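Okay, here's what each chain looks like letter by letter:
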Amino acid sequence: MSEVNHELMANAIRALAMDAVEQAKSGHPGMPMGTADIATVLFTKFLRFDPTDPAWPDRDRFVLSAGHGSMLLYSLLYLLGVEEMSIDELRRFRQLGSRTAGHPEFGHAPGIETTTGPLGQGLANAVGMALAERILNARYGDHLVDHRTYVIASDGDLMEGISHEAISIAGHLGLSRLIVLFDDNGISIDGPLSLAESGDQLARFRAAGWAAVAVDGHAPDEIAAALEQAQTSDQPTLIACRTVIGKGAPNKAGTAAAHGAPLGGDEIAGARANLDWPHPPFEIPAEIRDAWRIAGLKSGHVRKEWKARLAAADSEVRGEFLRCARGGLPAGLGEAIAAYKQTLSADQPKVATRKASEMALNIINPVVTEMIGGSADLTGSNNTRSEGLATIAPGDFAGRYVHWGVREHGMVGALNGMALHGGLVPYSGTFLVFSDYCRPSLRLAALMGQRVILALTHDSIGLGEDGPTHQPVEHLAALRSIPNLNVFRPADVVETVECWQLALEADDAPSVLALTRQGLPTLRVEHTATNRCARGAYELAGVDGDASVSLFASGSEVEIAMAARDILNRAGHPTRVVSVPCFELFEAASEDYRAEVLGSAPVRVGIEAAVRQGWDRIIGDEGIFVGMTGFGGSAPYTQLYEKFGITAEAVADAAIRRLGELA
């Protein structure tokens, strides 16, 4: 490619970016204009991507972590010839129903590998993608899995705390197929980057175990040479590309004015003159578009060769590869879980649900071999490492367990990337109280509909002596407020394995399992093949005739509800108990089923060692709630339950008082 052709191709990106932002009267033109040279070199010379089959499993992944510069990605997809990304979609940038949202959204168009915009998240996703590639390569070999992950990141990405966690993980594991191109333009929204940042990014990355090099981000040969060098590195690579934000704009280039607002008609006219781009808005001359389309076809033969290798692979290997790539679960899972439930109902063990989770994983992991576990330095507390899971370590990716270290935010961001990559089902653990540290990543998993599973243990004041810093009270309500996130809180060993099954079957949503530290008895003593947790709530113990009281509880408080039922029944007040392991699934159930489970008892009581928020949907505004109204305390958990009045006696007394008021 000649220098002239490169310049014309890069200027096509610049023109489309400034025109789309101007038409929308909203957006970020400066970043695409500044990184157009970087993207042109990457996509025309290095990235293995086929616009005729953008989801080809062995393609290189490209993550635009600097999602505010979304017009860079949209322009590239249009120019390369992705059918769904038409010029009309670019004209509809940031408009309702368009594929070209303000920030890239996974699923809106092929070639958008992840949802970015919250800075640093794309970088963490890319770490997960690069890790997934190495894990699958260890399983299937170079002939089926052999690709790289590229990122364009901004200074904002590198300032966010998640970036520290992400680059540390990548450096430790030696993810050499991860290459980050840093848009080093020295500008932030507030003005010069020097207002808030004076660190040395190259030194920072090198200290984390990365190779790092600086280039002129407008010199194609320098960019290409750095990318070539990165291909041979045994470390992940940072390429710091010094760029001019809004390159070409006569007055706003190199300033914060080019960052987050349309350039304006006069500035765009000046940019067209500076770039020698006399063409009308959204018009790309045929010869330039053709050059891009030819570049888009360069990997077609690579994809076809890969398909031939897949077709020639052993039929069992091929079938397993394709099943995992599609996200389907193995046929034997349901049978294994049903048999295990029958054993549990017979044996009736009393264990913490965190231990019940480990027991469930001992059954599930040998069947669902694509599951990759882990923990944020709490393996022995979270019980996420089932029997036989070898550690994934630098240079050895044949295992199935990741020690993420104390990096909750980066961990879940990477889990998102593993799920997005495909072929694996990632899960990991930490304490429920530390869900605050990873909430932004978990929210994005929900937004993208990714099957990411978190085992969040020590789920209430039931953890005891560690005290209120570690005792979650508001966290269940906070997590339940995230759309498209299933929050499971199982009451015993049987519910725990049922919740794991539901989390695995939910291939379009992330799941949280909130699990106890304290031991709980088996309540489901009669075996049922049906997954009773599947509709979110069910009657665990009923009455003959009409009930006076309905007790609704989740997790460890279901045991308390059952004991309160005994007290109330002895007092002559027929009482039923409803276990509520998942609010979200209950709300999705049919209206008839919900009405049946809620029942018609005049007194409803909700019981959960957490705040009331969210429970009114079940017990109503007039319902009684027995739970927490503030923070916990440091003491043995039995004393804490007494102190805060979360006992069977307190529940029974409250119900009897209400019955007296209604008499």
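What this report covers is the structure whose coordinates are included nearby. (Residues numbered from 1 in each chain as written. Predicted model: local features only at pLDDT ≥ 70, side-chain atom pairs only at ≥ 80, totals over all residues. Heavy atoms only, no water.)

Some points on the side chain of Asp60
Item 1. Mapping Asp60 onto the fold places it in the loop between helix H2 (30–46) and strand S1 (61–64).
Item 2. Within the structure, Asp60 has its side chain in polar contact with the backbone nitrogen of Arg48 (distance 2.9 Å).
Item 3. A polar atom in the side chain of Asp60 sits 2.8 Å from the backbone nitrogen of Arg148.
Item 4. For Asp60, the residues in contact, after removing those within four places along its chain, are Phe46, Leu47, Arg48, Glu113, His147, Arg148 and Tyr150. (Helix = DSSP H or I, 4+ residues; strand = E, 2+ residues; numbered from the N terminus. Polar contact = N/O pair within 3.5 Å; in protein donor to acceptor, adjacent residues only side chain to side chain. Contact = heavy atoms within 4.5 Å.)

A few points about unusual backbone geometry
Item 1. A positive phi angle, close to 60 degrees, is found at Asn383, a residue other than glycine.
Item 2. Counting through the fold element by element, Asn383 comes out in the loop between helix H16 (379–382) and strand S10 (401–403).
Item 3. Classification of Asn383 by relative accessible area gives buried; the value is 12%.
Item 4. Unusually for a residue other than glycine, Asn484 sits at a positive phi of about 60 degrees.
Item 5. Within the secondary structure layout, Asn484 lies in the loop between helix H19 (475–480) and strand S13 (486–488). (Buried < 20%, exposed > 50% of the residue type's maximum accessible area, 1.4 Å probe, protein only.)

A few points about the side chain of Gln201
Item 1. Mapped onto the fold, Gln201 is located in helix H8 (residues 201–207).
Item 2. Leave out the neighbours within four places in its chain, and Gln201 touches Leu158, Phe182 and Leu238.

Some points on helix H9 (residues 220–231)
In an α-helix there are 3.6 residues to a turn, and that puts residues three or four apart on one side.
Item 1. Taking 1.5 Å of rise per residue, 12 residues should cover 16 Å, and H9 covers 17 Å from first to last C-alpha, within 8% of that figure.
Item 2. Turning to H9, its buried residues are Pro220, Ile223, Ala224, Ala226, Leu227 and Ala230. Buried residues along H9 cover an arc of 165 degrees about the axis, so they all sit on one side. Facing away from the buried side of H9 by over 90 degrees, the exposed positions are Asp221 and Gln229. (Expected span 1.5 Å × (residues − 1). Arc of directions from axis to C-beta.)

As for the sheet that holds S10
Picture the strands of a sheet paired through backbone hydrogen bonds; they go either parallel or antiparallel.
Item 1. Taking strand neighbours across the sheet as the criterion, the six strands line up as S10-S9-S11-S12-S14-S13 in an open arrangement whose pairing is parallel. With one partner strand each, in any of the chains shown, S10 and S13 form the two edges of the open sheet. Sheet twist, expressed as the average angle between the axes of neighbouring strands with direction ignored, equals 20 degrees.
Item 2. Relative to strand S12 (residues 453–457), strand S11 (residues 425–431) runs parallel, the two being bridged by five bridges. The residue bridging Ser428 from the neighbouring strand is Leu454, located in S12.
Item 3. Across the sheet, helix H17 (residues 408–421) is in contact with strand S9 (371–375), S11 and S12; its angle to S11 comes to roughly 165 degrees.
Item 4. Here helix H20 (residues 493–505) sits on the sheet in contact with S9, S11, S12, S13 and strand S14 (511–515), set at roughly 165 degrees to S14. (Pairing = 2+ DSSP bridges. Axes fitted to C-alpha atoms, helices over the stretch in contact; angles between N-to-C directions.)

Everything listed here is a matter of geometry and, on its own, says nothing about what the molecule does.
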